[in-house]
Amino acid sequence: MPSPGKIVGAVVTAPLQYMGQLVDPLLRRWQSWTGLNGMAAFFLAPNMLIFGVFVLIPMGMNIVYSMTSGNALFLKDREFVGGTHYKTLLDCQNYFDPQSCHQDLFWIAAGNTFQFVICQVALMIVVCMITALILNSEIRARSFWRAVFFFPVLLSPVVVGLIWKWILQRDGVLNAVLLDMGLEPINWLIERGWAFFAAITVSVWAHMGFYALILLAGLQAIPKDLYEAAEMDGTRHMRVFWRITLPLLMPNLLVVLVLSLIRAVQIFDEAFVLTGGGPGTATMFLTQYIYEVGFASILKNPGLAAAASILMGGVLIVLTLLQLGLTGRKDRAR
């Protein structure tokens, strides 16, 4: 007599097998007409349809919106103004002084984003490298610690922002600990410098697990024989790192660098929930500027927001091409 597990499995798979028998003759006929390339196109078609509807068409509409003005939703009700919005955004007497720009808030957000990218990516790479080296070493409960460091990646950015806002607010957990230690509480989310530092730290905490995993995979791919030979020669640990680990880890490190750059440019979720762009405009970044101008402001301007998003998208395209070019160069060098 078959076991209960086999009976349940047969009941569950029976409808799928029946559907497969119905579809199989159609797929065989389609393959005979179109060949293997046709079969690939058949399976890719649903994904390409979804990609076109939810990505390509909105991208095209965004470009059109950036060349029109008004608050109307439908394009037929909007006036074509060409590159006026781009000219408005780029109208500056001194690009290093946002106050001299027509859209000073855009350039303040761009400056904040630039500073955030430099600081966050540098800290991210250092922290991820140290974390990956520790998780690759012979430590107790290594699998557990790997899961712990990767766990924040699974959290929603909104949840991350709310957790850290609860920790860093004036009456939060961290200030309570400082008071217990006899120290003065710090206005983490009220003072400009501390708020910017908090945005960087929270972003690194939320995403470091993913990048550390990439570096950990690269470390595990390095042949152990090289380390054994270096140990037999009595090579110091730092010299082993600079001469063996870092050069062989460079392809993975390059991927982490470019991916973290792209993610840092798009910063929005955690920072917006954590600080709301404040205090003042200390933590307002480009994505929040686009959101505020296009949707949240009373005097919303979808065309100007669309133009700003196109400019930011251009930066992301450059970073992506940089990644492809550098990885291609590494592959050719091998």
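Source: prediction; values computed, not measured.

Below, the discussion takes up the environment of Leu178. Examined against the element boundaries, Leu178 turns out to sit in helix α6 (residues 173-180). Beyond its immediate stretch of four places on either side in the chain, Leu178 contacts Leu183, Glu184, Ile186 and Trp188.

Turning our attention to the pattern of salt bridges. In the structure shown here, the tally under the stated rule is three salt bridges. One salt bridge connects Arg263 with Glu270, and the closest N-O pair in it is separated by 3.7 Å. Put simply, Arg263, Asp269 and Glu270 are held in one network by salt bridges that share partners.

Our next topic: the environment of Leu286. Its location among the elements puts Leu286 in helix α11 (residues 286-296). Residues Leu286 and Ala109, 177 residues apart in the sequence, show an inter-C-alpha distance of 5.0 Å. For Leu286, the residues in contact, after removing those within four places along its chain, are Phe106, Ala109, Ala110, Thr113 and Met312.

Checked against the element boundaries, Thr275 lands in helix α10 (residues 269-275). Among the residues examined, Thr275 registers a relative accessible area of 17% and is labelled buried. Separated by 81 residues in sequence, Thr275 and Trp194 have C-alpha atoms that sit 11 Å apart. Non-local contacts of Thr275, meaning those with residues more than four positions away in its chain, are made with Leu189, Ala195 and Thr283.

Rules and cut-offs
Residues numbered from 1 in each chain as written. Predicted model: local features only at pLDDT ≥ 70, side-chain atom pairs only at ≥ 80, totals over all residues. Heavy atoms only, no water. Helix = DSSP H or I, 4+ residues; strand = E, 2+ residues; numbered from the N terminus. Contact = heavy atoms within 4.5 Å. Salt bridge = Lys/Arg side-chain N within 4 Å of Asp/Glu carboxyl O. Buried < 20%, exposed > 50% of the residue type's maximum accessible area, 1.4 Å probe, protein only.

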